[in-house]
Amino acid sequence: MSGKDAILGRLRRSLGRDGPPAEAERDALEARLSAPKPNLIPKRSDGSAADRRRLFEDRAALVDVTVQSVGSLSDVPGAVATFLSDHNLPQSIRIAPDLATIPWAEEHPMLTIEQGPASITDLVGVTPAFAGIAETGTLMTISGPGTPATLNFVPDNHVVVLRAGQIVGSMEAAWSVLRAEHGGGTLPRTVNFITGPSKTADIEQMLVKGAHGPRRLHIVMIDEDEAQTPAQQ
Amino acid sequence: MNETAKKAESKTLRIGLFVTCLVDLFRPSVGFAAVALLRQAGCTVDVPRAQTCCGQPAYNSGDRGDARDIARAVLDVFSSHDYVVAPSGSCAAMIKHHYPTLFADDAALAKRAQDLADRTYELVSFLTDICGMERVEASHSGRVTYHDSCSGLRELGIKDQPRRLMAAMPGLELVDLPGADVCCGFGGSFCVKYPDVSTEIVARKSADILATGADTVLAGDLGCLMNMAGHLKRIGADVAVRHVAEVLAGMTNEPAIGDGSD
Amino acid sequence: MQPTAHAFKDNAKKALADQPLRQAMKRIEVGFTTARTAAAAGLPEFDALRGAARDIKNHVLENLDFYLERFEAKVEDAGGHVHWCTTAADARDVIAEICREVDAKTVTKGKSMIAEEVALNPFLEAHGIQPIETDLGEYIIQLADEPPSHIIGPAVHKTKDQISDLFQEHHRAYGKTERLEEPEALVAEAREILRQKYFDADVGITGANFLIAETGSTVIVTNEGNGDLTQLLPRVHVVIASLEKVVPTLEDASTILRVLARSATGQEMSVYTTFSTGPRRAEDDHGPEAFHVVLLDNGRTDMLGTPLQDLLRCIRCGACMNHCPVYHAVGGHAYGWVYPGPIGAAIDPHFIGLEEARDLPNASTFCGRCEEVCPMHIPLPSILRHWRERAFERGVTPPAERHGIRLWAFFAKRPALYRLITGLTIAVMARLGRRRGRFNRLPLAAGWTAGRDFPAPQGRTFQDQWASGRR
């Protein structure tokens, strides 16, 4: 008997069943999986787009995320350059390929741009986000050929380009959007929810940032609501 | 005042006092204080002679058989009273929450156990929640702090009731005990099976009590009180330890717990 | 891990005398409890969410076979493999085989209590594979060659000085000579040393907080990002998880996530919550090429349909031990096996046997704080009492205790005899104790009087006085 059969057999015996759930029960279980419904969602996430943005920024600040607002995509290179000089970082970044359509060279020719999955020497990674979750000031990213997930974790600094229109109320709202775009019942290889920079309190409960992931998390927020991100083109 | 309390007001309630073994054997003055308070609330009090113990020691030691036997006797002895009141959160919780589970496999006994459970209360919460008492007649002079015994707090939700009654007593200065909701380390047989761990826990409680500057610490369970008094006396602390009923009833002539006649 | 639960009393005695440990535990007592209280207060829906989380898990357990089979199907759809392991040995063998298939030399590890439960590290080492703990707390105790003392902060029992000593001793091999004092410097040194190891590792092993039936995803929750570097960089990602971790949908995971971090550390969300589904996609240029989920039973199917079933709702937040007065007093190692604190006292007897773990369910005051803070409403004191009943039935309870309880019950069932015996005893004690009001020594009560005085009884019993007419 395979390990699987042995385990399922023991499991069913313990539950007082001879076999799998009865057909009516199974139909109900299938329905639950094929049409997932949110459970209780805190009221905090309710509100208008403006409310959500405000909540997102408030919550992000509470977890040591810095946010800079800009008017459009073409302002991003300047914002990133400012971030680098503010923290005495070299003007050199690795970007997710999906951000390659940003006019880096035109707006800031001094920035050295590389793209692709992170290398061990990278100090700054710049990525788009799939969504912002207002409830907790969380960024959601999905992996793909244009969005290597390693850029979220390897470099010392993580800069995220987020449009205000990408901010949803709750994680559940984000799942709906992802299912609509990616298809239900499946996910990209890596979906990250990022709430602040890396930290640890493993030494006498004292908080230290940059344990293994980035020590700084910075968001460049674009004020446009309806414009497309490079990822959607 | 809630509906139950209003109902209680309209007829004289006949209370069966569940004395508890610790009160009966170690500190009868708590029992007399309970009687006085119940009378103050307008009740008549009966003390069945055939009661001994609620069965908690057996129950918590895993001796379900003896626990059931003892519980059956309690069902019989207290079958006729309007309410059963105990000056102890842990004994009241034993009857209220655990008796029904002891007889889950016997429909008739389960029903009787549930009936008794519905009529059983801890003393202070009975006075406030059922009798609608808002203040006691006595006053008390001094700085008092209060420890929340775990069963009363977590199984019966007793937290505000003793504080309201104490705060309304002229002359009584009530100070908050930090960590009032943290266990004192008694835990029934725990304190004798794991004495060094228990002593560590009660030592923290003593430190918290001393930090309040109170001259008196009160609680609603004699097990906790004997444990705390035992440690406070051992470290030479000048704090009086009493059952809250004694202070509420204005019956503080007897030496405090662990204090002698000298 | 070789259990030392049978030596709980000795372990506790040592722990109570261990000054650095006492300092460390005092920090936890204040820190974690305050944080959880604040987090719960900051979300009006917190208690409702706990109820919802409990209901989700109860539903899953009643249909665990259905959800596990669906989970497996979805993992396979995504290009991964599921291995069903009945015993710890099965899980170790499967993982070692996966490592051998890719000729693995080093393996990075995210924190996993299941990996501790099956004692994975020593097994890998015995097979010439070097496991590298990446969670800072796990890294510290790996250097110290100690087991974790807490289920989310494995090194909470260590002081900064002890950590400085460990780093100084073990980092010499990397050419580090300075003894570091500041937490930032210590963390930076660990980060630097582990960086290359993440890239060099052949296999990355993580645990899973959740398994999602809807999508075949595994979920990890960390603050450091070590789990992510572990699951992204190597060629193979292995997830080891016990089978009750499955939940139906992404929404169900989101619900439980809301109570997880708040209960554990008081955070609203841990820094990184990551959903991994299968190996890299054909079009990806990063990520593991192979994805394996090792599903562990190890006695959990035997808990279903018994009073222990509620334990399978545990989401490993650690709130119970964070609020336990016994855990605060003695720390996690005293419990003597993988899981400490109230959850350990409830679950260890099932894994290592009641004879070995006998003290654990008994070393509790039943204060109930654990149940009060458990986000999944696990009735921990009732389960501890269940073990005490099993011990009593099986004669595992020490004879002296058993006889004492039965003797007390004998008298309690015979009121007239009870009045007689207790009346006499109390009268004697009262006479002896009247002046001082207490005893600092008492026959048969050496345990009590070792640390505190025993208050003397007032004199005549209540029943005696009442019978004489005192009202």
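Residues numbered from 1 in each chain as written. Chains lettered and ligands numbered in written order. Predicted model: local features only at pLDDT ≥ 70, side-chain atom pairs only at ≥ 80, totals over all residues.

1. Digging into the overall build of chain C
Secondary structure summary: chain C contains 24 helices and 12 strands in total. Projecting the C-alpha coordinates of chain C onto the three principal axes gives extents of approximately 95 × 55 × 45 Å. Nonlocal contacts in chain C, meaning residues at least 24 apart in sequence, comprise 74% of its contacts between residues at least 6 apart. (Helix = DSSP H or I, 4+ residues; strand = E, 2+ residues; numbered from the N terminus. Contact = placed C-beta atoms within 7 Å.)

2. Thoughts on the overall build of chain B
Scanning chain B from terminus to terminus reveals 14 helices and eight strands. Taking 262 residues into account, the globule formula puts the C-alpha radius of gyration at 18 Å, and chain B, at 18 Å, falls close to it. Taken along the three principal axes of its C-alpha coordinates, chain B extends 50 × 45 × 30 Å. Residues classed as buried in chain B amount to 60% of the 262 residues present. Once local pairs closer than 6 in sequence are excluded, the contacts in chain B between residues at least 24 apart make up 77%. (Rg over C-alpha atoms; globule rule 2.2 N^0.38 Å. Buried ≥ 20, exposed ≤ 12 C-beta atoms within 10 Å, placed from the backbone.)

3. Some words on the interface of chain A and chain C
Facing the 62 residues of chain A at the interface are 77 residues of chain C. Ranked by residue count, the leading element in the side of chain A that touches chain C is helix H1 (residues 3–14) of chain A, at nine residues. Here the side of chain A that touches chain C is built from residues that sort into 29 nonpolar, 22 polar and 11 charged. Pairing geometry for strand S9 (residues 190–194) of chain A and strand S9 (residues 272–276) of chain C, over five bridges, is antiparallel. When the bridges of S9 of chain C are listed, threonine 190 of chain A appears paired with serine 276 of chain C. (Nonpolar A, V, L, I, M, F, W, Y, C, P; charged D, E, K, R; others polar. Pairing = 2+ DSSP bridges.)

4. Concerning the sheet that holds strand S2 (residues 92–95) of chain A
Residues and elements named next belong to chain A. Strand order across the open sheet formed by six strands is S1-S12-S7-S4-S2-S3, with parallel pairing between neighbours. The sheet is open, and its two borders are formed by strand S1 (66–70) and strand S3 (112–115), each paired with just one other strand. For this sheet, the mean inter-axis angle between neighbouring strands, taken without regard to orientation, is 25°. Strand direction decides the pairing type here: S2 and strand S4 (residues 124–128), joined by two bridges, are parallel. For arginine 94, the partnering residue across the bridge sits in S4 and is glycine 125. Across the sheet, helix H4 (residues 76–86) lies against S1, S2, S4, strand S7 (157–163) and strand S12 (216–222), angled at about 155° from S12, the strand it touches most. (Axes fitted to C-alpha atoms, helices over the stretch in contact; angles between N-to-C directions.)

5. Examining the sheet that holds strand S5 (residues 142–146) of chain B
Picture the strands of a sheet paired through backbone hydrogen bonds; they go either parallel or antiparallel. Residue and element names in this part refer to chain B. The four strands are arranged S6-S5-S7-S8 in an open sheet whose pairing can be described as parallel. Strand pairing shows two members of the sheet lacking a second neighbour, strand S6 (172–175) and strand S8 (240–243), which therefore form its edges. Strand-to-strand twist in this sheet, taken as the mean axis angle between neighbours without regard to direction, amounts to 35°. Sheet topology places S5 next to strand S7 (residues 216–219); three bridges connect them, and they run parallel. The partner of threonine 145 across the bridge, within S7, is valine 217. Here helix H13 (residues 222–234) sits on the sheet in contact with S7 and S8, set at roughly 175° to S8.

6. Focus: the pairing of S2 of chain A
Here S2 of chain A pairs with S3 of chain A via four bridges, running parallel. Across the sheet, residue serine 92 of chain A finds its bridge partner in S3 of chain A, namely threonine 112 of chain A.

7. Some points on the interface of chain B and chain C
Contact with chain B, which involves 60 residues of that partner, is made by 54 residues of chain C. For the side of chain B that touches chain C, the elements supplying multiple residues, two or more each, are helix H2 (21–26), helix H3 (28–40), helix H4 (56–60), helix H5 (64–77), helix H9 (150–156), helix H11 (190–193), helix H12 (195–211) and H13 of chain B. Among the elements that line the side of chain B that touches chain C, the one with the most residues is H12 of chain B, at seven residues. Partitioning the side of chain B that touches chain C into residue classes produces 29 nonpolar, 14 polar and 17 charged.

8. Things to note about the domain arrangement of chain C
The assigned domain composition of chain C is domain 1 (51–140 + 199–301) and domain 2 (400–467). The gap between the C-alpha centroids of domain 1 of chain C and domain 2 of chain C is 56 Å. (Domains from an automatic or database assignment.)

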